[in-house]
Amino acid sequence: SRARQVSFARQRARRAAARLGKTEGAVEENKAARAAAREQSALDLAALAEEAEKLAASSSWKDAGERLRTLGQDWKRITGVDKKTADELWERVAAARARFGERRTAHFGALEQQRTVSQERKEHLVKEAEKLSARPDWKGTAARYKQLLGHWKAPGREREGVGVGRGVGAGG
């Protein structure tokens, strides 16, 4: 009968509408979940950028340098951020890495310069001590040798082996 067909059609329509409502709800939930994941990913990248900026000021050369290297690997694992945001944050990371590298290069360059100056100073002391070894005036020679030894022990970095076994501070 016609009434029965209409009733059956209405039931099917209600079921379809219910399924459609559930599907629309699931789609909206999925969109919201993806938006939340994108937002979390952007926050994670921002946290990495902040960490890189803090590390750029560090003087813990080995640890900070290693972390700045691994930070790039961590960065690659985070996905779902729009390109503009990711690029802006990466520029911060790259700038922090560059600042750290410049500071590290300057630091070790200064140390190398100190070592060179110290090495030259100690080589000069060794030569002077070697000249003293031929002097017959032992009292004056001993006093001068003590002065040279005091200069030798003054703070300063030098390369290994400078003057070892020769003249001043032969023991170290």
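Attention here is on the structure that accompanies the text. (Residues numbered from 1 in each chain as written. Predicted model: local features only at pLDDT ≥ 70, side-chain atom pairs only at ≥ 80, totals over all residues. Heavy atoms only, no water.)

1. Here we look at the pattern of salt bridges
Pairing between side chains becomes possible if they bear opposite charge and their charged atoms approach one another. Across all of its chains, the model carries eight salt bridges by this definition. When the shortest N-O distance is used, the salt bridge between Glu 53 and Arg 92 registers 2.9 Å. Of this pair, Glu 53 sits in helix α1 (residues 2-56) while Arg 92 sits in helix α3 (residues 83-132), placing them 39 residues apart in sequence. Take Glu 53: its relative accessible area is 30%, and that puts it in the partly exposed class. The exposure class of Arg 92 is partly exposed, given its relative accessible area of 29%. Across the salt bridge formed by Glu 112 and Arg 115, the nearest N and O atoms sit 3.9 Å from each other. (Salt bridge = Lys/Arg side-chain N within 4 Å of Asp/Glu carboxyl O. Helix = DSSP H or I, 4+ residues; strand = E, 2+ residues; numbered from the N terminus. Buried < 20%, exposed > 50% of the residue type's maximum accessible area, 1.4 Å probe, protein only.)

2. Side note on the nonpolar core
In terms of nonpolar packing, the biggest core is built from 18 residues, with Leu 45, Ala 52, Trp 75, Leu 89, Val 93 and Phe 100 touching the most fellow members. Among the elements of the structure, α1, α2 (61-77) and α3 are those that each provide at least two residues to this core. Of all the elements, α1 adds the most residues to this core, at seven residues. Excluding residues within four positions of it along the chain, Leu 45 makes contact with Trp 75, Ile 78, Val 81, Ala 86 and Leu 89. Judged by nonpolar contacts, the second largest core, of six residues, contains Val 126, Ala 129, Leu 132 and Leu 148. (Core = buried A, V, L, I, M, F, W, Y, C linked by side-chain atoms within 4.5 Å. Contact = heavy atoms within 4.5 Å.)

3. Details of the packing of α2 against α3
In the contact formed by α2 and α3, the axes pass within 11 Å of each other and the chain directions differ by 160 degrees. Regarding the angle of α2 to α3, the classification is roughly antiparallel. In terms of crossing hand, the pair formed by α2 and α3 is left-handed. When α2 is examined against α3, the residues Trp 61, Ala 64, Gly 65, Leu 68, Arg 69, Leu 71, Gly 72 and Trp 75 are found in contact with a partner set consisting of Ala 86, Leu 89, Trp 90, Val 93, Arg 97, Phe 100, Arg 103, Arg 104, His 107 and Phe 108. Classifying every residue of the contact of α2 with α3 gives eleven nonpolar, three polar and four charged. (Axes fitted to C-alpha atoms, helices over the stretch in contact; angles between N-to-C directions. Parallel < 35°, antiparallel > 145°, perpendicular 65-115°, else oblique. Left-handed = near helix turned anticlockwise from the far one by under 90°. Nonpolar A, V, L, I, M, F, W, Y, C, P; charged D, E, K, R; others polar.)

4. Some remarks on a positive patch on the surface
On the surface, Arg 10, Arg 12, Arg 14, Arg 15, Arg 19 and Lys 22 cluster together to form a positively charged patch. Within the secondary structure, Arg 10 is located in helix α1. Taking the relative accessible area as the measure of exposure, Arg 10 reaches 53% and is therefore exposed. (Patch = residues over 30% accessible without salt bridge, like charges linked within 9 Å, V, L, I, M, F, W, Y side chains within 5 Å. Areas by Shrake-Rupley, 256 points an atom, 1.4 Å probe, with all protein chains shown as cover. Lys, Arg positive; Asp, Glu negative; His and termini not counted. Charge placed at Lys NZ, Arg CZ, Asp CG, Glu CD.)

5. Quick notes on α2
Helix length check: α2 (17 residues) gives 25 Å between terminal C-alpha atoms against 24 Å at 1.5 Å per residue, within 8%. Burial in α2 covers these residues: Trp 61, Ala 64, Gly 65, Leu 68, Leu 71, Gly 72 and Trp 75. (Expected span 1.5 Å × (residues − 1).)

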